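So the chains spell out like this:
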Amino acid sequence: MNSTARTTLATSAIALLSIFALLPFYIMIVMGTYQNEDLFQRIVLIPGHYLWENLKTVAASRFDLVYWNSLIVSVASTLLSVFVSAFAGFAFAKHEFKYKNKIFGAVLLTMMIPGQLGLVAYVIEMRYLGVSGTLLPLIMPWIANAFGVFWMTQFMKGAIPTEVLESARMDGCSDIGVFFRIVLAFIYPAITTLSLLVFLWSWNNYLLPLIIINKPELYTIPLGITSLGNAYRTDLAAQILGLTLGTIPVLILFAFGSKSFIRGLTAGSVKG
Amino acid sequence: MNTAKRKWVPYFFLSPYLLFYVVLGLIPIVFSFYVSLTNWDGISGKTFVGLSNYKFLFNPDSYFFQSVGNTLLFIAMTLPLQIIFGLAIASLLYSQFVKWKAFFQLINFLPYIVTPVAVGLMFNLLFDWQAGFVNKVLLHFGLIEEGIYWLGDPVYARMIIVLMLFWKGFGYTMIFFLAGLANIPKDLNEAAQVDGASGFRSFWSITLPLLKPVMTFIIITGIIGGFQLLEEPMLLLGGSGMGSSSAVIGGPERCCLTTVWNMYDTAYGSTTRYGLGAAIAYGLCVIIAIFSFIGVRLQRGDQE
């Protein structure tokens, strides 16, 4: 088999799988452009003309507010998580201190613990602190993110030459200065990758908001979509459009970030 | 540079993480254990009941072991599929025979980033017996006489969950295999080619063994992540999911009740038994610990 034939064969194999990956999206998008009754009567394959009407139905449920809440939660979670993880990773990767290996072992162990373990008490703690009527309980769990610390430590071990840190200190740069001026510049790929992952996970988080958020004005996207289902049980088309709208921001984010996301993974901790 | 002065530096960088971990992670985990030893509905006072919540997990009425079994079944059926397909696509994408690599990478990764809630609802719509796309297509081509009640049958419902999880996850394993392939030195395969090894042979004897760390990473995170399964089956079978009483919790004959769904339903759904809910969470943790322990032992055994 010559190489042109191989190229055609391999590319068509991938293309076929891509259709499998895309088909549910396509059906979802198309269904959102039809009138509800049409969905029950026939197979819809090309976009319909009812998009604007469905958009109005979705807008009537204050979906913009839901968007805004999700954005606040995800951006805050990402910034705090990446910052705190990078701080801790710097200590583990580039400093010596007592019980370092034991503490790092404890961090690895917490990665194995399912997030639901402390859930019952976390909800009570938030009520006790008086923040359960705000978005804070959805942001805070991401601040102490064991996966982030592990990720940053592994990356920094390989990516930052110790000599550069030493010479900066010789020149009289403070340790905090070293972190912000030098370390951050070296770990740019790790920051991108971790940011995308934390943003994605917090954007998609469902269980915690489901338990802790009881005011519709604080709903995030996953809750907003399910409540669209409740309010418009009969209007399937509007609900499907809501699904599509809730998916778009992360699609855009990964469409633009996927190159540096993969580069960060490659350079990062999969080395084992 | 004064070394005595710099001793606090690592602790300074470590302190935000440790502080927040203690307040937001450790304290709830310890307090949840205390809750698991009590009978509590969140309103009236707690009564200390010792280990009786844990004993109740062994009672079939708690659905604990049934839900663990369901979850394990989903992991055992989905993970191998995801690994085989993820590796196959990654190898194809990494070879020189595929065009538009970045484009195909993104497309196949897209399902992973969709909100799990949306995935559940999407498949709920596709397999709806009345308005569902799948039934309509099958009817159109005359393959079936009348719509199949996909979500009302235990075997079909489980099949759909496996399909859904596979669809969602194969791109994720693909990305990690791609990252792993990029870390394998190119000259190893070139040397093998010079020595006359076939493409298949060098894949089997060079690439695959070198991908072992990635494989371990995917299997361990896959099992841990798999045990957290909740949204997709909940939305697939419950529709709205918000404590809807119309659907049986866990689908037909509770065949798709996952452990976390069971915990949610016990503590916040059809009952408010916080103590039992916390005990389910701890029971799950013990099971994950056993699997992690076996995994680590197997890995060590290989190295020796």
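About the criteria used
Residues numbered from 1 in each chain as written. Chains lettered and ligands numbered in written order. Predicted model: local features only at pLDDT ≥ 70, side-chain atom pairs only at ≥ 80, totals over all residues. Heavy atoms only, no water. Helix = DSSP H or I, 4+ residues; strand = E, 2+ residues; numbered from the N terminus. Rg over C-alpha atoms; globule rule 2.2 N^0.38 Å. Contact = heavy atoms within 4.5 Å. Areas by Shrake-Rupley, 256 points an atom, 1.4 Å probe, with all protein chains shown as cover. Lys, Arg positive; Asp, Glu negative; His and termini not counted. Charge placed at Lys NZ, Arg CZ, Asp CG, Glu CD. Patch = residues over 30% accessible without salt bridge, like charges linked within 9 Å, V, L, I, M, F, W, Y side chains within 5 Å. Salt bridge = Lys/Arg side-chain N within 4 Å of Asp/Glu carboxyl O. Axes fitted to C-alpha atoms, helices over the stretch in contact; angles between N-to-C directions. Parallel < 35°, antiparallel > 145°, perpendicular 65-115°, else oblique. Left-handed = near helix turned anticlockwise from the far one by under 90°. Buried < 20%, exposed > 50% of the residue type's maximum accessible area, 1.4 Å probe, protein only. Buried area = accessible area lost by both parts, 1.4 Å probe. Polar contact = N/O pair within 3.5 Å; in protein donor to acceptor, adjacent residues only side chain to side chain. Nonpolar A, V, L, I, M, F, W, Y, C, P; charged D, E, K, R; others polar. Phe/Tyr/Trp six-rings, centres within 6.5 Å; stacked < 30°, edge-to-face > 60°. Lys NZ or Arg CZ within 6 Å of the ring centre and 35° of its normal. Core = buried A, V, L, I, M, F, W, Y, C linked by side-chain atoms within 4.5 Å.

Caption draft 1: Representation of the overall build of chain A. Across its full length, chain A carries 14 helices and 0 strands. Along its sequence from the N terminus, chain A presents helices and strands in the succession α-α-α-α-α-α-α-α-α-α-α-α-α-α. At 23 Å, chain A has a C-alpha radius of gyration far larger than the 19 Å of a compact globule built from 272 residues. In terms of overall dimensions, chain A has C-alpha extents of about 75 × 70 × 30 Å along its principal axes. A separation threshold of at least 6 residues defines the contact pool for chain A, and within that pool the share at least 24 residues apart is 75%. Looking at chain A as shown, the accessible area adds up to about 12,000 Å², and 67% of this sits on carbon and sulfur atoms. For chain A, the centre of its 17 positive side-chain charges and the centre of its 12 negative side-chain charges are spaced 8 Å apart.

Caption draft 2: Structural detail: a nonpolar patch on the surface. Residue and element names in this part refer to chain B. Nonpolar side chains collect at one region of the surface, where Leu72, Val286, Ile290, Phe291, Phe293, Ile294 and Leu298 lie side by side and expose about 630 Å² of accessible area between them. When residues of the nonpolar patch are assigned to their parent elements, the largest contribution, 6 residues, is made by helix H14 (residues 274-303). Relative to the assigned elements, Val286 resides in helix H14.

Caption draft 3: Examining the packing of helix H4 (residues 64-94) of chain B against helix H11 (residues 212-227) of chain B more closely. All names here are of chain B. Packing of H4 against H11 leaves a shortest axis separation of 9 Å and a crossing angle of 150 degrees. Taken together, the axes of H4 and H11 are roughly antiparallel relative to one another. Where H4 crosses over H11, the handedness of that crossing is right-handed. Together, Val68, Thr71, Leu72, Ile75, Leu79 and Ile83 of H4 and Met215, Ile218, Ile219, Gly222, Ile223, Gly226 and Phe227 of H11 make up the contact between the two elements.

Caption draft 4: Representation of the pattern of salt bridges in the model. All names here are of chain A. Counted by the stated rule, this structure contains 5 salt bridges over all chains. One salt bridge connects Glu96 with Lys100, and the closest N-O pair in it is separated by 3.4 Å. The exposure class of Lys100 is buried, given its relative accessible area of 14%.

Caption draft 5: How the structure looks around the interface of chain B and chain A. Between chain B and chain A, the contact holds 89 residues from the first and 96 residues from the second. Across the chain B to chain A interface the summed buried area is about 8,500 Å²; carbon plus sulfur atoms make up 80%. Area buried by chain B at its contact with chain A is led by Phe13, Tyr17 and Phe97 of chain B, which between them contribute 10% of it. Taken together, the links from chain B to chain A amount to 0 salt bridges. Counting across the chain B and chain A interface gives 9 residue pairs in polar contact (both at pLDDT 80 or more).

Caption draft 6: Seen up close, unusual backbone geometry. Phi at Tyr99 of chain A takes a positive value of approximately 60 degrees, unusual for a residue other than glycine. With respect to the element layout, Tyr99 of chain A can be found in the loop between helix H4 (63-94) and helix H5 (100-112). One non-glycine residue, Arg254 of chain B, lies in positive phi territory at about 55 degrees. If you trace the backbone, Arg254 of chain B turns up in the loop between helix H12 (231-238) and helix H13 (259-268). Among the residues examined, Arg254 of chain B registers a relative accessible area of 22% and is labelled partly exposed.

Caption draft 7: How the structure looks around the packing of H5 of chain A against helix H8 (residues 146-159) of chain A. Residue and element names in this part refer to chain A. Where H5 contacts H8, the axes come no closer than 8 Å and their chain directions differ by 130 degrees. Relative to H8, the element H5 lies oblique. Note that H5 runs across H8; the crossing there is left-handed. Here Phe104, Val107, Leu108, Thr110 and Met111 of H5 lie close against H8, whose contacting residues are Ala146, Phe147, Val149, Phe150, Thr153 and Gln154. Partitioned by chemical class, the residues of the contact of H5 with H8 number 8 nonpolar, 3 polar and no charged.

Caption draft 8: Fine view of the packing of aromatic side chains. Overall, the coordinates contain 49 aromatic pairs over all chains when judged by the stated rule. The interplanar angle of 40 degrees and the centroid separation of 5.6 Å between the aromatic rings of Phe179 of chain A and Phe13 of chain B together place this pair among those described as tilted. Here the residue Phe179 of chain A occupies a position in helix H10 (residues 175-186), and Phe13 of chain B occupies one in helix H2 (residues 9-36), the pair thus bridging two chains. Judged by relative accessible area, which is 0%, Phe179 of chain A ranks as buried. Three or more aromatic residues joined by ring pairs make a cluster, and in this case those are Phe83, Phe87, Phe90, Phe179 and Phe180 of chain A together with Trp8, Phe12 and Phe13 of chain B. Over the ring of Trp40 of chain B we find Lys46 of chain B, and its NZ or CZ is 4.2 Å from the ring centre. The ring of Tyr112 of chain B is capped by Lys168 of chain B, whose NZ or CZ atom sits 5.4 Å from the centre of that ring.

Caption draft 9: Region of interest: the nonpolar core. Core analysis: the biggest nonpolar cluster contains 191 residues, and Met156, Val183, Ile187 and Phe261 of chain A together with Tyr17, Phe123 and Phe177 of chain B have the highest contact counts within it. Tallying contributions element by element places helix H8 (residues 154-182) of chain B first for this core, with 17 residues. Residues within four places of Phe177 of chain B in sequence aside, it is in contact with Ile83, Gly86, Leu87, Ala90, Leu211, Val214, Met215 and Ile218 of chain B.

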